[in-house]
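Close look at the chain arrangement
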Amino acid sequence: MGNSALKAHLETAQKTGVFQFTEKGLIEFPEDLQKLASNLRTVDVSENKIETLPPLIGKFLILKSLSLNNNKLTSLPEELGKLKKLEVLHVNGNRLTRLPQAVGQLSALKTLSLSGNQLREYPAQLSNLRHLDVLDLSRNKIQTVPDEICQLQAIELNLNQNQISQISTKIAQCPRLKVLRLEENCLELSKIPVCILSESQVSLLAVEGNLFEIKSIRDLEGYDKYTERFTATKKKFS
């Protein structure tokens, strides 16, 4: 990948507000990009070999969408929290073990995808995100869903393919949660909080591939209430 290719993409980005530079073998985030910080709305540097996202990312104040999928990132800088206009953040397929506290300051964020990383704990700071609609934490190493989950604003939460064996009953208090995906985890039937069925807003609960026969969930208290919500939602979209 020559400098001429990067230069051409930078010139295009100056006109369009969109910088897309994927599958180019980039080893580091392009420093020259900061010259366009005041007019870039979309940055996509997925499918590269970037190991570090530099603090200068905090200068991209009007950025709405940032895609860093399938790089080699092990961490994200605290400066990320300065992106108050950011609505979409994709960091799938990296090597993140934790998130900076500042992610909780991304006040406009609607979609956060962190699938295929090395996260071992549910990031409690995500409960600060008042406009979050979709949170994808699938294919990580999370073992427990803690009490802090109760303030999560997301409509859809994907926790498929983790190592979850414990779920706080407070998950039923999530104010907007409609879709909860827990497939291929380490859950016993007794560890599924029945309040998800009887008291929550959840109208699609996916629990295939855990440590129980899927049919046996029908015997849990509150399953009939869950079925009513599931059916009502299905009718709404059919």
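Use the structure listed above.
In this convention, every chain numbers its residues from 1, walking through the sequence in written order. Only residues with pLDDT of 70 or above have their local features reported here, since the model is predicted, and side-chain atom pairs are shown and tallied only from 80 upward, although totals for entire chains, interfaces and linings are computed over all residues. The basis for every side-chain value is the complete set of non-hydrogen atoms in the structure, without hydrogens or water.

**As for the packing of aromatic side chains**
The criterion for an aromatic pair is that two Phe, Tyr or Trp rings (for Trp, the six-membered ring) have centres within 6.5 Å, with stacked assigned to planes under 30 degrees apart, edge-to-face to planes over 60 apart and tilted to the rest. Tallied over the entire structure, the rule returns four aromatic pairs. Aromatic side chains Tyr-226 and Phe-230 sit 6.1 Å apart centroid to centroid with 35 degrees between the ring planes, which places their arrangement in the tilted category. Remark: Phe-230 and Tyr-226 occur in helix H3 (residues 223–237); sequence separation between them is four residues, near one turn of the helix. Here a set of aromatic residues connected by ring pairs shows up, and it is made of Tyr-223, Tyr-226 and Phe-230. Only Lys NZ and Arg CZ are tested; either one counts as a charge over a ring when it is within 6 Å of the ring centre and within 35 degrees of the ring normal. Cation over ring: Lys-24 sits above Phe-21, and NZ or CZ is 5.2 Å from the ring centre. Secondary structure counts use DSSP, requiring at least four H or I residues in a row for a helix and at least two E residues in a row for a strand, with both numbered from the N terminus.

**A look at unusual backbone geometry**
We note that Glu-23 has phi near 55 degrees; this positive angle belongs to a residue other than glycine. A simple rule labels every residue: compare its accessible area, found with a 1.4 Å probe on the protein chains alone, to the largest value its type can have, and call it buried under 20%, exposed over 50%, or partly exposed in between. By relative accessible area, Glu-23 is classed as exposed at 63%. Positive phi is not limited to glycine here, since Glu-184 has a value of about 55 degrees. Of note, Glu-184 is situated in the loop between strand E10 (179–181) and helix H2 (194–198).

**Some remarks on the sheet that holds strand E11 (residues 204–206)**
If you walk across this open sheet you meet the nine strands as E1-E2-E3-E4-E5-E6-E8-E10-E11, and the pairing is parallel. Both outer strands of the open sheet, strand E1 (18–20) and E11, are each paired with one neighbouring strand and no more. Averaged over all adjacent pairs, the angle separating strand axes in this sheet is 5 degrees, with direction ignored. Bridge analysis of strand E3 (residues 65–67) against strand E4 (residues 88–90) gives three bridges, and the strand direction is parallel. Within E4, the position partnered with Ser-65 by the bridge is Val-88. What makes two strands pair is DSSP finding at least two bridges between them. Helix axes use the C-alpha atoms of the stretch in contact, all axes being lines fitted to C-alpha atoms, and the angles between their N-to-C directions lie in the range 0 to 180 degrees.

**Some remarks on the state of the cysteines**
Any cysteine sulfur atom paired with another within 2.5 Å is treated as part of a disulfide. Per the stated rule, a full pass over the model turns up zero disulfides. The closest cysteine sulfur to the non-disulfide-bonded Cys-150 is located on Cys-174, 7.0 Å from its own sulfur. Among the cysteines around Cys-195, which has no disulfide bond, Cys-174 carries the closest sulfur, lying 10 Å off. What makes Cys-195 buried here is its relative accessible area of 11%.

**A short note on the side chain of Asn-140**
With respect to the helices and strands, the residue Asn-140 is situated in the loop between strand E6 (134–136) and strand E7 (144–145). With relative accessibility at 5%, the residue Asn-140 sits in the buried group. Nitrogen and oxygen atoms within 3.5 Å of one another constitute a polar contact, given that in protein one can donate a hydrogen and the other can accept it, and given that sequence-neighbouring residues count only through two side-chain atoms. Polar side-chain contacts of Asn-140 include one of 3.0 Å to the backbone oxygen of Leu-114. Two residues qualify as a contact provided that any one of their heavy atoms is within 4.5 Å of a heavy atom in the partner residue. For Asn-140, the residues in contact, after removing those within four places along its chain, are Leu-114, Ser-115, Gly-116, Asn-117, Gln-118, Leu-119, Gln-161 and Asn-162.

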